[in-house]
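# Structural characterization, general
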Amino acid sequence: MFRTSLSAVLLSAIFIAPAAAVTDTVIFNGNVISTCLITVGTPGILSTNGAMNVLSSSEAGGVSGTATVVTTGAGFNLSTSAPSTFFLAPAGGDDDVSFATHYSASGVTSLLDVVGSVTSPLGLGLTNVDVDLSATKSAGVFPAGNYTAQVTLTCE
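Here the structure is a predicted model, which means the values were calculated and not measured. (Residues numbered from 1 in each chain as written. Predicted model: local features only at pLDDT ≥ 70, side-chain atom pairs only at ≥ 80, totals over all residues. Heavy atoms only, no water.)

## Points about the overall build of the protein
Counting its secondary structure elements, the protein contains 1 helix and 10 strands. When the elements of the protein are put in sequence order from the N terminus, they spell out α-β-β-β-β-β-β-β-β-β-β. Here the protein, with 156 residues, has 28% of them falling under the buried criterion. Intrachain contacts of the protein at a sequence separation of at least 6 include 68% that bridge at least 24 residues. As displayed, the protein has an accessible area near 10,000 Å², and 61% of this comes from carbon and sulfur atoms. (Helix = DSSP H or I, 4+ residues; strand = E, 2+ residues; numbered from the N terminus. Buried < 20%, exposed > 50% of the residue type's maximum accessible area, 1.4 Å probe, protein only. Contact = heavy atoms within 4.5 Å. Areas by Shrake-Rupley, 256 points an atom, 1.4 Å probe, with all protein chains shown as cover.)

Below, the structure written as structure tokens:
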């Protein structure tokens, strides 16, 4: 009987003893890549000067084109590229024309009237960019009609 009681006590101790807690860890990995994102805002508007040989967003009635640039890392630079011709122009509108761009920025980067081909370092975060374009006719005047030009904004 003593043997049965001892076995019963041992078995009941095993079944009513608290279970030991088991733990482990879950590992999370991530990689954030430095990026530069350009979002084009409003298109620019070209207007003529009094002599009708310049079309520019800087002339009275002209409007700068806008974009927003967001950087998530250091080391990015901003620049613009002037077109070599109009995307759309009336006959003779592309003859003897030279193009130039410049840009200004506000936000984490502050810039004022930078020549388009000059690269400017960008700060980390959001920068608002105003882009200007001018087209100058070296001989004659711009004929009447609709003009469209495309400026490339680069973040590298």
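## So, the sheet that holds strand β5 (residues 77–81)
Read across the open sheet, the 3 strands follow the order β8-β5-β10; overall the sheet is antiparallel. Taken across any chain shown, the strands that pair with only one partner, and hence form the sheet edges, are β8 (120–121) and β10 (152–155). Pairing of β5 with β10, which is carried by 4 bridges, proceeds in the antiparallel orientation. The partner of S81 across the bridge, within β10, is T152. (Pairing = 2+ DSSP bridges.)

## What about the side chain of T109?
Positionally, T109 belongs in the loop between β6 (97–107) and β7 (111–115). Judged by relative accessible area, T109 falls into the buried class, the value being 5%. Among residues more than four places away in sequence, those in contact with T109 are P121, L122, G123 and T127.

## Digging into the environment of N146
Take N146: it is sitting in the loop between β9 (125–137) and β10. Spatially, the C-alpha atoms of N146 and A89 are 6.0 Å apart, while their sequence positions differ by 57 residues. When neighbours within four sequence positions are excluded, N146 is seen to be in contact with L88, A89 and P90.

## A word on the nonpolar core
Counting 13 residues, the largest nonpolar core has V69, L78, Y103, L122, V129 and L153 as its most contacted members. Where this core is concerned, the elements lending two or more residues are β4 (65–71), β6, β7, β9 and β10. Counting 8 residues, the second-largest nonpolar core is a separate cluster that includes F86, V97, L133 and F142. (Core = buried A, V, L, I, M, F, W, Y, C linked by side-chain atoms within 4.5 Å.)

## Observations regarding the state of the cysteines
Evaluation of the coordinates by the stated rule reveals 1 disulfide. A disulfide bridge connects C36 with C155, and the sulfur atoms are separated by 1.8 Å. On the sign convention where negative means left-handed, the S-S torsion of about 110° between C36 and C155 marks this disulfide as right-handed. Taken as a pair, C36 in strand β1 (residues 36–40) and C155 in strand β10 lie far apart in primary sequence, 119 residues in all. Its relative accessible area of 22% is what places C36 among the partly exposed residues. (Disulfide = S-S within 2.5 Å.)

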